[in-house]
Amino acid sequence: AAGPALAAFLSGLLFDGACRPWSSGAGAGASVEFVPVPPLDAEWGRRRPDAEGRARRGGTATVAPRARSSRGGAGLEIDLADPRRLDPLPPDLRAALPRQGLVNLFEARAVVRKLEALVADAAFCAAAAEWTAGNGRAPGAGCGAAECRASAVPCVGRRPALAVLALYPAQAELIRLLAARSAVLTAAPSPVEIATPDAFRQRECFTAVVSLTRSHGHRAVTFGDDPSLLPTALTRAASRLILFGDPGTLARRAQWNGPVDHLDESAAERERGRIAQVVAYLHGHGPHPFAFGIDESGRA
């Protein structure tokens, strides 16, 4: 079960505040971090330091700024089926990726940098090990469940300490490739599981790192091929949720009413409402400000 601050954030985001945590969580430090890729600029206002958030289990989040205006997305995503948009991908990475799918190289690199910082942080590792031990599993132990043995996606454990959930399979594969090249991550005592949200159904992790991936330059876009993927990704963490995304793309989606891409009007409105709440937090207007912080470590 999620901690009180994270539970309060998720209750408002997904359940209209109907699920009330046993405690408000105020004063516990940010349980939700947003890493903007590209970073927030002057249009989004200046950040204020939050010493309590930084001290909490290796966190570097700051209090959300009050944004003054919104702009379009940065256009960092790459459609692997479009040969005109492959320039940012090094040839060796491109050869190892599928022929179709969406990736965001800048966001993937930022995710790996965050993972390296987490596994190198003694306070985070101690808290993660305590949580893992409390769930009755040695760090890195496999679960052995039949559904995991039959899955095409390797299951590191029913409750991994640290997991990356990318909304698109190609982005998950890109992050895996980059993580495999990291000496820090390969030497970490516990492996990091990297998959799409559907591989985490009925499972939880101590800290979930979510790659939203989308960064479109000129129109509103959906987040995930299936509307259930985003809420699944958001609800896997027991302690800490770290979101990576393009603030401009989120803002544009929040402003779009009506059907979009493969979503009908009803599903599109549900997604728009969730994205609009995340954007509200970025503007400093979220209902649970104690739960939300911004970490600018996602600079390309």
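What counts, and where the lines are drawn
- Starting from 1, residues in each chain are numbered consecutively following that chain's sequence as written.
- Per-residue local features of the predicted model are confined to residues with pLDDT of at least 70, and side-chain atom pairs are confined, for both listing and counting, to 80 or more; whole-chain, interface and lining totals are unaffected and use all residues.
- The side-chain values count all of the structure's non-hydrogen atoms but skip hydrogen atoms and water molecules.
- Each helix is a run of DSSP H or I of at least 4 residues and each strand a run of E of at least 2, with the numbering of both proceeding from the N terminus.
- Only protein chains enter the accessibility calculation, which uses a 1.4 Å probe. A residue is then buried if its area is under 20% of the maximum for its type, exposed if over 50%, and partly exposed in between.
- Whether two residues are in contact is decided by their heavy atoms, any of which lying within 4.5 Å being enough.
- Accessible surface is estimated by sampling points in the Shrake-Rupley manner with a 1.4 Å probe; for residues, cover comes only from the protein chains shown.
- To get an axis, fit a line to the C-alpha atoms, keeping to the stretch in contact for a helix; angles then go from 0 to 180 degrees between the N-to-C directions.
- For classification, angles of less than 35 degrees are called roughly parallel, those exceeding 145 degrees roughly antiparallel, those between 65 and 115 degrees roughly perpendicular, and all remaining angles oblique.
- Note: crossing handedness is left-handed where the near helix turns anticlockwise from the far helix by less than a right angle, and right-handed where it turns clockwise.
- Under the scheme applied here, ten amino acids are nonpolar (Ala, Val, Leu, Ile, Met, Phe, Trp, Tyr, Cys and Pro), four are charged (Asp, Glu, Lys and Arg), and all others, including Gly, are polar.
- In summary, the pairing rule links any two rings of Phe, Tyr or Trp, Trp by its six-membered ring, whose centres are within 6.5 Å, and it sorts them by plane angle into stacked for under 30 degrees, edge-to-face for over 60 and tilted for everything else.
- Two thresholds decide whether a charge sits over a ring: the Lys NZ or Arg CZ must be within 6 Å of the ring centre and within 35 degrees of the ring normal.
- Throughout, the protein atoms alone are placed on a 1 Å grid, and a set of points is a cavity if a 1.4 Å probe fits but cannot get out or a pocket if it is open with protein on both sides within 12 Å along at least five of seven lines; lining residues have an atom within 4 Å of a point.
- Grid points are joined across faces, edges and corners, and a volume is the space filled by probe spheres set on the points.
- Polar contact is the term for a pair of N or O atoms within 3.5 Å; when the atoms are in protein, one must be able to donate a hydrogen and the other to accept it, and sequence-neighboring residues count only if both atoms are side-chain atoms.
- The predictor rates its confidence in each residue with pLDDT, a number between 0 and 100.

**Student:** I would appreciate a short explanation of the overall build of the protein chain in the present structure.
**Tutor:** Within the protein chain one finds eleven helices and nine strands. Evaluated residue by residue, the protein chain yields a buried proportion of 53% over its 300 residues. Put simply, 78% of the contacts in the protein chain that link residues at least 6 apart link residues at least 24 apart. As displayed, the protein chain has an accessible area near 13000 Å², and 53% of this comes from carbon and sulfur atoms.

**Student:** Could you clarify how one ought to interpret the packing of helix 10 (residues 247-254) against helix 11 (residues 265-282) in this entry?
**Tutor:** A packed helix pair is summarised by two numbers, namely the angle formed by the two axes and the spacing between the axes. Where helix 10 meets helix 11, the axes come as close as 8 Å, and the angle between the chain directions of the two elements is 130°. One way to sum up the angle between helix 10 and helix 11 is to call them oblique. Crossing of helix 10 against helix 11: the hand is left-handed. For the pair helix 10 and helix 11, the contacting residues are P247, L250, A251, R253 and A254 in the first and A268, E271, R272, I275, A276, V278, V279 and L282 in the second. Residues that form the contact of helix 10 with helix 11 fall into these classes: ten nonpolar, no polar and three charged.

**Student:** Is there a simple way to think about the packing of aromatic side chains in this case?
**Tutor:** Geometry of an aromatic ring pair is reported as the spacing of the ring centres plus the angle between the planes. Within this structure, the stated rule accounts for five aromatic pairs. Linked through ring pairs, F9, Y281 and F292 together constitute an aromatic cluster. The ring of F200 carries the charged tip of R203 above its face, separated from the ring centre by 4.6 Å.

**Student:** I would appreciate a short explanation of empty space enclosed by the protein in the present structure.
**Tutor:** Any space left empty among the atoms is revealed by the rolling of a water-sized probe across them. As enumerated under the stated definition, the model contains two cavities of 30 Å³ or more in all. Here the second largest cavity defines a volume of roughly 50 Å³. Among the elements of the structure, helix 9 (229-234) and helix 11 are those that each provide at least two residues to the lining of the second largest cavity. For the lining of the second largest cavity, the element with the highest residue contribution is helix 11, accounting for three residues. For the lining of the second largest cavity, the residue count by class is seven nonpolar, no polar and one charged.

**Student:** Mind showing me how you'd approach the side chain of R240 here?
**Tutor:** Within the element layout of this structure, R240 appears in strand 8 (residues 237-245). Side-chain polar atoms of R240 contact the side chain of E33, separated by 2.6 Å.

**Student:** Even after reading the chapter, I still don't get the confidence of the model for the protein chain, so can you show me in this structure?
**Tutor:** Caution is warranted with low-pLDDT regions, since their predicted coordinates should not be read in detail. Of all residues in the protein chain, 76% have pLDDT values of 70 or greater, and the mean over the chain is 82. Note that pLDDT drops below 50 for residues 62-70; the model gives that stretch 41 contacts with residues more than four away or on any other chain. For the stretch residues 138-156, pLDDT sits under 50, and the model shows 29 contacts to residues farther than four places along the chain or on other chains.

**Student:** Is there a simple way to explain unusual backbone geometry in this structure?
**Tutor:** Negative phi characterises most residues that are not glycine, and trans characterises most peptide bonds. Cis geometry is found at the peptide bond from V37 to P38, where omega equals 5°. Here P38 is to be found in the loop between strand 1 (32-36) and helix 2 (51-55). In this model, Q202 sits at a positive phi of 65°, which is unusual for a non-glycine residue. Along the chain, the position of Q202 falls in the loop between strand 6 (193-195) and strand 7 (205-211). The residue T213 is not glycine, and still its phi comes out positive at about 75°. For T213, the location among the structural elements is in the loop between strand 7 and helix 9.

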